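So you can see what is in the structure, the chains are spelled out below.
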Amino acid sequence: MTGLLTTLHDFLGETFFYYVLSPALKIAVLLILVLTLIAYTTFAERKILGFLQVRTGPNRVGPWGLLQPLADVAKLLVKQDIIPDRAVVWAFVLAPCLVVGPALVIFAVIPFGPSADLTGTFSWFITDVNVGLLFVVAMATIGVYGIILGGWASNNKFSLLGGLRSAAQMISYEVPQGFALVVPLLMAGTLSLTGIVDAQLEQGRWFVFGFFPFGFLAFFIYFVAGVAESNRNPFDLPEAESELVAGFHTEYSGMRFALFFLGEYANMIVISAVAVTLFLGGWHRPFANVEALSFLDLGFLPLGLGSFFWFTLKLLCFLFVYIWFRGTFPRYRFDQLMDLGWKWMIPASLIAVVGTALFKIVLA
Amino acid sequence: MRRFLDKIMLLDLFAGLGITFRHIWKRKVTIQYPEERIEPAHRFRGMFRLDEDRCIKCTLCARDCPIDIIYIDWHQEVNPETEKKEKLLDRFDIDVQRCMFCGLCEEACPTNPKSIWLTTKTYELASYDRWQNLYVDMEELEGWKIRPQYTDDEVA
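Residues numbered from 1 in each chain as written. Chains lettered and ligands numbered in written order. Predicted model: local features only at pLDDT ≥ 70, side-chain atom pairs only at ≥ 80, totals over all residues.

This paragraph deals with the sheet that holds strand S2 (residues 70-78) of chain B. Residue and element names in this part refer to chain B. On the basis of which strands lie adjacent, the open sheet formed by 3 strands has the order S2-S3-S5 and antiparallel pairing. The outermost strands of the open sheet, each flanked by one partner alone, are S2 and strand S5 (135-136). Note that strand S3 (residues 85-95) and S5 share 2 bridges and pair antiparallel. By the bridge assignment, Ile 94 is partnered in S5 with Val 136. (Pairing = 2+ DSSP bridges. Helix = DSSP H or I, 4+ residues; strand = E, 2+ residues; numbered from the N terminus.)

Our next topic: the interface of chain B and chain A. Where interface size is given, it is often the accessible area lost as the parts come together that is meant. In this complex, chain B contributes 10 residues to the contact, which on the side of chain A involves 9 residues. Among the residues forming the side of chain B that touches chain A, the class breakdown is 4 nonpolar, 4 polar and 2 charged. (Contact = placed C-beta atoms within 7 Å. Nonpolar A, V, L, I, M, F, W, Y, C, P; charged D, E, K, R; others polar.)

The next subject is the pairing of S3(B). Residue and element names in this part refer to chain B. Examined bridge by bridge, S2 and S3 share 9 bridges and lie antiparallel to one another. Counted as the bridge partner of His 75 is Leu 88 from S3. A loop of 6 residues connects S2 with S3, the two strands running antiparallel in sequence, and Glu 83 in this loop sits at a positive phi of about 55 degrees.

Another point: the confidence of the model for chain A. Confidence in the prediction of chain A, expressed as mean pLDDT, is 84, and 96% of residues score 70 or more. Averaged pLDDT values over the elements of chain A bottom out at 72 in helix H1 (residues 2-12) of chain A and peak at 89 in helix H4 (residues 89-105) of chain A. (pLDDT = per-residue confidence, 0-100.)

On to the packing of helix H5 (residues 132-153) of chain A against helix H10 (residues 254-279) of chain A. Residues and elements named next belong to chain A. The interhelical angle for the contact between H5 and H10, taken along N-to-C directions, is 160 degrees, at an axis separation of 12 Å. When the interaxial angle is binned, H5 and H10 end up roughly antiparallel. Along this stretch, H5 crosses H10, giving a crossing that reads as left-handed. Facing Val 136, Ala 140, Gly 143 and Gly 146 of H5, the residues of H10 in contact are Gly 263, Asn 267, Val 270 and Val 274. (Axes fitted to C-alpha atoms, helices over the stretch in contact; angles between N-to-C directions. Parallel < 35°, antiparallel > 145°, perpendicular 65-115°, else oblique. Left-handed = near helix turned anticlockwise from the far one by under 90°.)

Orientation of helix H11 (residues 305-328) of chain A relative to helix H2 (residues 11-24) of chain B, taken along the N-to-C sense of each, is 100 degrees, at an axis distance of 9 Å. By the criterion of interaxial angle, the relationship of H11(A) to H2(B) is roughly perpendicular. Contacts between H11(A) and H2(B) pair A:Trp324, A:Gly327 and A:Thr328 from the former with B:Gly16, B:Leu17, B:Thr20 and B:Phe21 from the latter. The residue makeup of the contact of H11(A) with H2(B), split by class, is 3 nonpolar, 4 polar and no charged.

As structure tokens, then:
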């Protein structure tokens, strides 16, 4: 593997290798991995929800139902793609892309592993932007435009209501989420995602446990706001089926609907990945500064796969919690949702920010 | 104080999460239908069965049927052996499509044991053709002794 990379490097020249070939390859691999993960998250969701409700979930397609996502994709691809007569076609077509695109773009800055392996030619992320966190927040916010646009373009009252709800909800939850993100920022002193992970190793603790209880408070607020941001239960008001049929994607069918779905799950994964990076030590094993536990690094695996393993493990835990929430909590009423966002989470996140800042000043 | 703590620590929410988490490991109640089947309860009202020998052709069942889906025609004939008049059934049809399995026909039947009854424990009445399979005549009603047995091909 390393030999092949060196040969390619010599053959293509430094610039082409580092700025074209290597990112292109990584993007391809990452897209395939992420889309597979999304497909199997839907499967895991159905399976775990089934288990929660004391039934077995899908188990007919393939052994233990493992080929169910493939069957779902095939079904969605061949279904008729309906565009309503009075819909605004360009917006109707654009909306799903606006949901999926930004969600997938965020994966470009998420570090799945350390910056270099032993040969110094390989890093576990596509790019390390020095304002990575800002980029993540900016991109995550664009997704809401897709939902509003889709709701408006469908020319359907339920869709419109769903879109408006999602606008109100996302704006109110953007604020506490932003404040919660300031806390690890204050602790690490950098916006770069790899920088934040390294800071957690240096300071010898995950930021969830930093400056107790403010780190934990910020983590909790970030995750709850993240659930609301990705329109998942118990905050899935934009698509509340008991009131709004299916909300903003009522009129969507076939692959366009699948794109909305894809966007929702991609958002889930992004929010989990950012939470892992900022609060749970990123790709490092638990107790990363304890030498005695260094066998947990899985150093025998090539190319630093061990760090990738730890990152994925933490990510999957988060996805499980998402599904667990969905199986447990009933949907909030809209005014309760707003109440929670503005009256509880924003003050709490402000307290976390101020508390962290005070800690910093006192310790300095 | 307790309520305040509840509100701050979200104790009730975590209690809910605990309950659902425990349910993940429980034994599943799902029955894999075509391969496994439930044996219906003893008095389960399933498909009809008719015993022509017990039937006295009184048509009480047809009269008691709230939606009139039992069609009975009969005529009288002298039995050459016993030289007595006997009623013979020409037609005993039930339009099962509209039947709600109320069991009033069974209750109305004056014979003992009943000559029309519903406890055959057959609930697999789905069919592709409503007139072919859900309009049952006398012979079918008499022949329907047990639940239909399925071959392996049909199950798969």
